[in-house]
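The primary structure of each chain is shown beneath.
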Amino acid sequence: MRCTFRALRSVAVRPTVLDLYRVYRPDPDVQDEFQPFLENRPGKINVFHLNGDEIEQALGTLGSALPRDSINIVYPAWELSKYPSTWAEQLNRFDEVWAPTGFILDALRPSISKPMIHMPLACEVILSSFRSRRYFGIPESSYAFLFFFDFRSFSARKNPKAVIQAFEAFRRARPTADACLVIKTHGSQAAPDALAELKEAIAPLRDRVVLIDHRR
């Protein structure tokens, strides 16, 4: 949602934000950014950042129906090659379905009857300072593999252990390769046990793995 909102703002469109759930207390930085743009009703064009299993509950706040005189777009995310058919039925309630990746587009295509568009997520890079590899402890000469995830989004689902195992397999296949694995984490204060497990998993590779723990 942030990506879509900021992308629209960058091209002089004036979007508003509708909080469908209205039950979560936002982080202070989220509140500071979006509070001035909050709206209590849909607009003429609506982009819903929902997955199929969330639609019934979320639309309940709108009276269980999409606005009839609006263009309604759903922008779901998915991580497997097949999308659940019962969820796909919910997506077909919308006028268009946007897929953030080609993989998700292929997963949705067999079950979706409405127009589908591959709409990659917007990306904005803001550099507050320039940091060298040395600052983060990343070897200057190494080929660096980067993996990053948020502990608040279920560590097991992000599966950092699989990344570590893949890097271990690479090291066995190419023991002389000058390469390292960089793992950047976010929100570890919410999952101290999972952070401890991650540190234990990378311990045997400590000379080839760099852990960057961003706690904000």
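Computed from a predicted structure; not experimentally measured. (Residues numbered from 1 in each chain as written. Predicted model: local features only at pLDDT ≥ 70, side-chain atom pairs only at ≥ 80, totals over all residues. Heavy atoms only, no water.)

### Looking at the packing of aromatic side chains
Going through the model one piece at a time under the given rule, you end up with 14 aromatic pairs. Judged by centre distance (5.6 Å) and plane angle (80°), the ring pair of Tyr75 and Trp98 falls under edge-to-face. Within this pair, whereas Tyr75 is found in the loop between β4 (71-74) and α4 (85-91), its partner Trp98 is found in strand β5 (residues 96-99), the two being separated by 23 residues in sequence. In this pair, the class of Tyr75 matches that of Trp98, namely buried. One aromatic cluster is present, formed by Tyr143, Phe145, Phe167 and Phe170 through successive ring pairs. Its guanidinium or amino end placed over the ring of Tyr135, Arg131 lies 4.3 Å from that ring's centre, counting from NZ or CZ. (Phe/Tyr/Trp six-rings, centres within 6.5 Å; stacked < 30°, edge-to-face > 60°. Helix = DSSP H or I, 4+ residues; strand = E, 2+ residues; numbered from the N terminus. Buried < 20%, exposed > 50% of the residue type's maximum accessible area, 1.4 Å probe, protein only. Lys NZ or Arg CZ within 6 Å of the ring centre and 35° of its normal.)

### Details of the sheet that holds strand β9 (residues 209-214)
Hydrogen bonds between backbone groups are what pair the strands of a sheet, and the pairing can be parallel or antiparallel. If you trace the three strands from one edge of the open sheet to the other, you get β7-β8-β9, paired in parallel fashion. With partners counted over all chains shown, the strands left at the sheet margins are β7 (143-150) and β9, one partner each. Put simply, the sheet's adjacent strands are angled 15° from each other on average, direction ignored. As judged from the eight bridges shared by β7 and strand β8 (residues 179-186), these two strands associate in the parallel manner. Looking across to β8, one finds that Tyr143 is bridged to Ala179. Each of β7, β8 and β9 is contacted by helix α8 (residues 160-173), which is oriented at about 175° to β8, the strand it contacts most. (Pairing = 2+ DSSP bridges. Axes fitted to C-alpha atoms, helices over the stretch in contact; angles between N-to-C directions. Contact = heavy atoms within 4.5 Å.)

### Points about the side chain of Thr4
Mapped onto the secondary structure, Thr4 falls in helix α1 (residues 2-10). Assessed through its relative accessible area of 16%, Thr4 is described here as buried. Side-chain polar atoms of Thr4 contact the side chain of His49, separated by 2.9 Å. What Thr4 contacts, discounting residues up to four positions off in sequence, is His49 and Tyr75. (Polar contact = N/O pair within 3.5 Å; in protein donor to acceptor, adjacent residues only side chain to side chain.)

### Observations regarding a nonpolar patch on the surface
On the surface, a cluster of nonpolar side chains totalling about 230 Å² of accessible area is made up of Leu8, Val11 and Val13. Its place among the elements puts Leu8 in helix α1. (Patch = residues over 30% accessible without salt bridge, like charges linked within 9 Å, V, L, I, M, F, W, Y side chains within 5 Å. Areas by Shrake-Rupley, 256 points an atom, 1.4 Å probe, with all protein chains shown as cover. Salt bridge = Lys/Arg side-chain N within 4 Å of Asp/Glu carboxyl O.)

### Quick look at the packing of α8 against helix α9 (residues 192-202)
Relative orientation of the contacting elements α8 and α9 amounts to 5°, with a least axis distance of 11 Å. Here α8 is positioned roughly parallel relative to α9, judged by the angle of their axes. Only Glu197, Leu198, Ala201 and Ile202 of α9 make contact with α8, whose side of the interface consists of Pro160, Lys161 and Ile164. (Parallel < 35°, antiparallel > 145°, perpendicular 65-115°, else oblique.)

### Overview of α9
For α9, the full list of buried residues reads Ala194, Leu195, Leu198 and Ile202. With its buried residues spanning 100° around the axis, α9 presents them on a single face. In α9, the exposed positions angled more than 90 degrees off the buried face are occupied by Pro192, Asp193 and Glu200. Its buried side turned inward, α9 meets β7, α7 (155-158), α8, β8 and β9. (Arc of directions from axis to C-beta.)

### Observations concerning the sheet that holds β4
Taken in spatial order, the four strands make up an open sheet running β3-β4-β5-β6, and their pairing is parallel. The open sheet is flanked by β3 (45-48) and β6 (116-118), the only strands paired with a single partner. Across the sheet, the mean angle from the axis of one strand to that of its neighbour is 25°, orientation sign disregarded. Sheet topology places β3 next to β4; four bridges connect them, and they run parallel. Following the sheet pairing, Ile45 is matched in β4 by Ile71.

### Let's talk about the pattern of salt bridges
Any two side chains of opposite charge can pair, on the condition that their charged atoms come close. Taken as a whole and assessed by the stated rule, the structure comprises eight salt bridges. A salt bridge links Glu33 to Arg6; its shortest N-O distance comes to 2.7 Å. Linking Glu33 in helix α2 (residues 28-34) with Arg6 in helix α1, this pair joins segments that are 27 residues apart in sequence. Relative accessible area serves as the criterion here: at 22%, Glu33 is assigned to the partly exposed category. A salt bridge links Glu79 to Arg157, with the shortest nitrogen-to-oxygen separation between them at 2.7 Å. Here Arg157 lies in helix α7 and Glu79 lies in the loop between β4 and α4, a separation of 78 residues in the sequence. When its relative accessible area of 44% is taken as the criterion, Arg157 is described as partly exposed.

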